[in-house]
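Chain by chain, the residues:
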Amino acid sequence: MMMKNFSQLWNGLVITILAALLGGCGSLAWDSTTLTTGDVGIDVSYATAPGCKNVWITVKQLWVHTNPVAEITDSGWQKLDFSAKPLTINLSDPALGIDGGGTGVAQLADRLTVLAADYYQIRLFLAATEDPLASSAAAKSLKYNNQVDDIDPGTSVVTSRPLRIPAASQGISIVRDAKSPLVVQAGSYARYAINFNLARDLVKTDREKTGIYEYILKPQPLIINMANVGGIKGSLKTFANMSGFNFVVKVVQAGNEVLSGTPNGINADGNLAFSLYPLPVTKDTYDVVIQGRKTDTFLIHNITVKATNFPVTAESLKSFVNLDPVPIVNGSEYPINFSVKPTGASLSFSRTSSFSSLGASCVECHTGQVSVTETYHLDPFNGKFATPLYLSSNPPHIKTFSEKDFKFFAHAANNGTYKVVANALFHKPSAEIDINAANAGQTLTLNNPPKPLDLDATKVVSVQGTISLGAGAPTAMTKGYVLATHGGMVIDLVEADMSGAGSYSPFTLPAGRFDSYYGLYALGWNDTSKAAGIGSIDIRKSTTPSSKADITMLPVLPAN
């Protein structure tokens, strides 16, 4: 039961999770003299990504802090350390999904007593993918500590691939908004669910530029107070040879993606079933965007989510918003790619569509305009998509949601035109450009003339260092990179000399700020061997124009 999908786990006070899971195996070290406590329960919700059967991670530690800008070298962290007995979890366990017969969430801790506080930052520490295989991963018959089992769309062959976690020893930082901390009150009980958006944040990479793909995680998780949540369910009425892996169903609020996933199951009518849960019940409405390869895009607009009793049962499932069925139709598409620096960038695609159902045989007629922004991460080893992104070239089908008249869709006025902006951590956004089907097959840049995005900083430091080989590291590595990271997110990449007494090209990074603390993640390889190394650099109080951070490379298992 406890392995039933860690879906979107980063963002949460998983402290409750692992203390309950490990019982006496983990030790909870609180750096506080306060004895006031409250109780908290934690669930994790189901998460999927297109083309992926399983997504596994191996967890070693979890820290929490009341300070949103604390770094790992600062005091005040409250730590749960179970690295002696790590936990390996499948974030995409099909048995967890409502459409697979589960409840949509896995209960990881029902009632755990912790210090009462408002928590603004969580650090989740995973085992490095390059480390020797953890016992918990071996027990699951995995090849890697963090692993993706993906499905070839042509042959349906499942392949196990490494899931890279940049600078794993620095942890994945989840910072809460000042208005919405994770609250544990004295003498009270609270329940939270942690959601990962794997369909957005699981990124395919072509590190060696050979078409031998891997994955890297760029997590931006969400934690939800389970006291007031609801859900959306529905089905896709498709045509022959279309599986759930062909589609992504996204929930959008205020133009930005909240949660997404792929269909997981077949309903009684033979349609592809999906469910999206838990979703916060708010005064703002949601939109649902349904996309598929070689199909038109469908958008259901203005959905109000109703509160659902927890846990989800057959009875409480009746209060889910029901989008059943959505009549998927064939469509046209076009491939496109981009080349962006820094390589840790993501691209935001916005499409505004006007729609009208006036004059049609509708029960409730609607006109209006809706805008949706979707984010796609680039391969941080190349600053491009590992495989081209396919965009619909047809106008979307739009429906203003009404339970009285769900089947009719108004056809919108937009033939595949998007506005695209590049964003990257610590950088200013790029200029906005328009693209459409006339750009099919192109690799575009966002700035004219092409140049890296500008740093959003008043003070910068050039960071450089040496690359040395530790005991057992291969001595004839012909290729290598170093990635600069912050809180688990990739900022940029530079090339490195991995010959044995080399160095890496300099990074230019913001300095003198509360968040100027960076991880460094190095990978080197040749045809038969690989090595990895990590480092860090703290330039929060730097007063010099340059700084040095050296990295020692260590051997990794051949399979990694």
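Position numbers for residues start from 1 in each chain and track the written sequence from start to end. A pLDDT threshold of at least 70 governs which residues receive local features in this predicted model, and a stricter bar of 80 or more applies before side-chain atom pairs are shown or counted, although totals over entire chains, interfaces and linings include all residues. Side-chain metrics rest on all non-hydrogen atoms present in the structure, leaving aside hydrogens and water.

Q: I would appreciate a short explanation of the side chain of Asp201 in the present structure.
A: Examined against the element boundaries, Asp201 turns out to sit in helix H3 (residues 198–201). Only protein chains enter the calculation, and the probe is 1.4 Å; a residue is then buried if its accessible area is under 20% of its type maximum, exposed if over 50%, and partly exposed in between. On the basis of relative accessible area, Asp201 is assigned to the buried category, the value being 3%. Any two residues whose heavy atoms approach within 4.5 Å at even a single point are treated as in contact. With near-sequence residues (within four places) excluded, Asp201 lies in contact with Ile216, Leu217, Lys218, Pro219, Gln220 and His377. Numbering goes from the N terminus for both helices and strands, where a helix is a DSSP run of H or I of at least four residues and a strand is a run of E of at least two.

Q: What is the right way to read the confidence of the model for the chain from this model?
A: For residues with low pLDDT, the predicted coordinates do not support detailed interpretation. pLDDT runs from 0 to 100 and stands for how confident the predictor is about each residue. In this model, the chain carries a mean pLDDT of 84, and residues with pLDDT of at least 70 account for 88%. Low pLDDT, under 50, characterises residues 1–34; the predicted model gives this stretch 148 contacts beyond four residues in sequence or across chains.

Q: How should unusual backbone geometry be read in this particular structure?
A: The omega angle of the peptide bond from Tyr277 to Pro278 is 0°, so this bond is cis rather than trans. Structurally, the position occupied by Pro278 is in strand E20 (residues 272–280). Positioned with a positive phi, Ala167 is a non-glycine residue whose angle comes to about 45°. Along the polypeptide, Ala167 turns up in the loop between strand E10 (158–164) and strand E11 (172–175).

Q: Looking at this model, I keep getting lost on the nonpolar core. Mind explaining?
A: Nonpolar side chains tend toward joint burial in soluble globular proteins. Put simply, buried Ala, Val, Leu, Ile, Met, Phe, Trp, Tyr and Cys residues joined by side-chain atoms within 4.5 Å make one nonpolar core. Core analysis: the largest hydrophobic core is formed by 42 residues, its most contacted members being Val55, Leu163, Leu198 and Leu202. Tallying contributions element by element places strand E3 (residues 52–65) first for this core, with 6 residues. In terms of nonpolar packing, the next biggest core, distinct from the first, is built from 24 residues, Val482, Val494, Ala522 and Ile551 among them.

Q: Whenever I open this one, the sheet that holds strand E23 (residues 321–327) confuses me. Can you help?
A: Sheets are built from strands paired through backbone hydrogen bonds, the pairs being either parallel or antiparallel. Think of it this way: DSSP has to see at least two bridges between two strands before they count as a pair. Reading across the sheet, the 3 strands line up as E20-E17-E23 and stay open at both edges, with mixed pairing between neighbours. Both outer strands of the open sheet, E20 and E23, are each paired with one neighbouring strand and no more. Between one strand axis and the next, the sheet turns through 15° on average, direction left out of account. Bridge count for strand E17 (residues 229–237) against E20 is 7 bridges, and the pairing is antiparallel. Among the inter-strand pairings, Gly230 is bridged to a residue of E20, identified as Leu279. Axis geometry follows a simple rule: fit a line to the C-alpha atoms, using only the stretch in contact for helices, then measure angles between N-to-C directions, giving values from 0 to 180 degrees.

Q: Help me out: how do you make sense of the packing of aromatic side chains in this one?
A: To describe a pair of aromatic rings, you give the distance between the ring centres and the angle between the ring planes. Planes of paired rings set the category: under 30 degrees apart is stacked, over 60 is edge-to-face and the rest tilted, where pairs are Phe, Tyr or Trp rings (Trp by its six-membered ring) whose centres lie within 6.5 Å. As enumerated under the stated definition, the model contains 10 aromatic pairs in all. Here the aromatic cluster, defined as three or more aromatic residues joined through ring pairs, consists of Phe338, Phe349, Tyr376 and Tyr418. In this structure, Arg293 packs its charged tip against the face of Tyr390, placed 3.8 Å from the ring centre. We call a charge positioned above a ring when the Lys NZ or Arg CZ atom is no farther than 6 Å from the ring centre and deviates by at most 35 degrees from the ring normal.

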